[in-house]
Amino acid sequence: MATLIFVAAASVAGIVGTIVLAARDGYRRQPNETFARTV
């Protein structure tokens, strides 16, 4: 039972950590270009 609780806590911590990291890294969706730019 203790192992199950530990695994559940580790899973929740990993999910929360991933969400926090993604929210703080400044990444946002970029608009899609509808044409290919040839410079």
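For the structure itself, look to the data block above.
Here we summarise the structure given alongside this text. (Residues numbered from 1 in each chain as written. Predicted model: local features only at pLDDT ≥ 70, side-chain atom pairs only at ≥ 80, totals over all residues. Heavy atoms only, no water.)

1. Re the overall build of the protein chain
Now for step 1: The number of helices and strands found in the protein chain is one helix and zero strands.
Now for step 2: A burial count over the protein chain gives 0% of its 39 residues as buried.
Now for step 3: Split by element, the accessible area of the protein chain, about 4,100 Å² in all, is 67% carbon and sulfur. (Helix = DSSP H or I, 4+ residues; strand = E, 2+ residues; numbered from the N terminus. Buried < 20%, exposed > 50% of the residue type's maximum accessible area, 1.4 Å probe, protein only. Areas by Shrake-Rupley, 256 points an atom, 1.4 Å probe, with all protein chains shown as cover.)

2. Concerning a nonpolar patch on the surface
Now for step 1: A surface patch of nonpolar side chains, amounting to about 390 Å² of accessible area, comprises Met 1, Leu 4 and Ile 5.
Now for step 2: Looking at the element boundaries, Leu 4 is found in helix α1 (residues 2-24).
Now for step 3: By relative accessible area, which is 58% here, Leu 4 ends up exposed. (Patch = residues over 30% accessible without salt bridge, like charges linked within 9 Å, V, L, I, M, F, W, Y side chains within 5 Å. Salt bridge = Lys/Arg side-chain N within 4 Å of Asp/Glu carboxyl O.)

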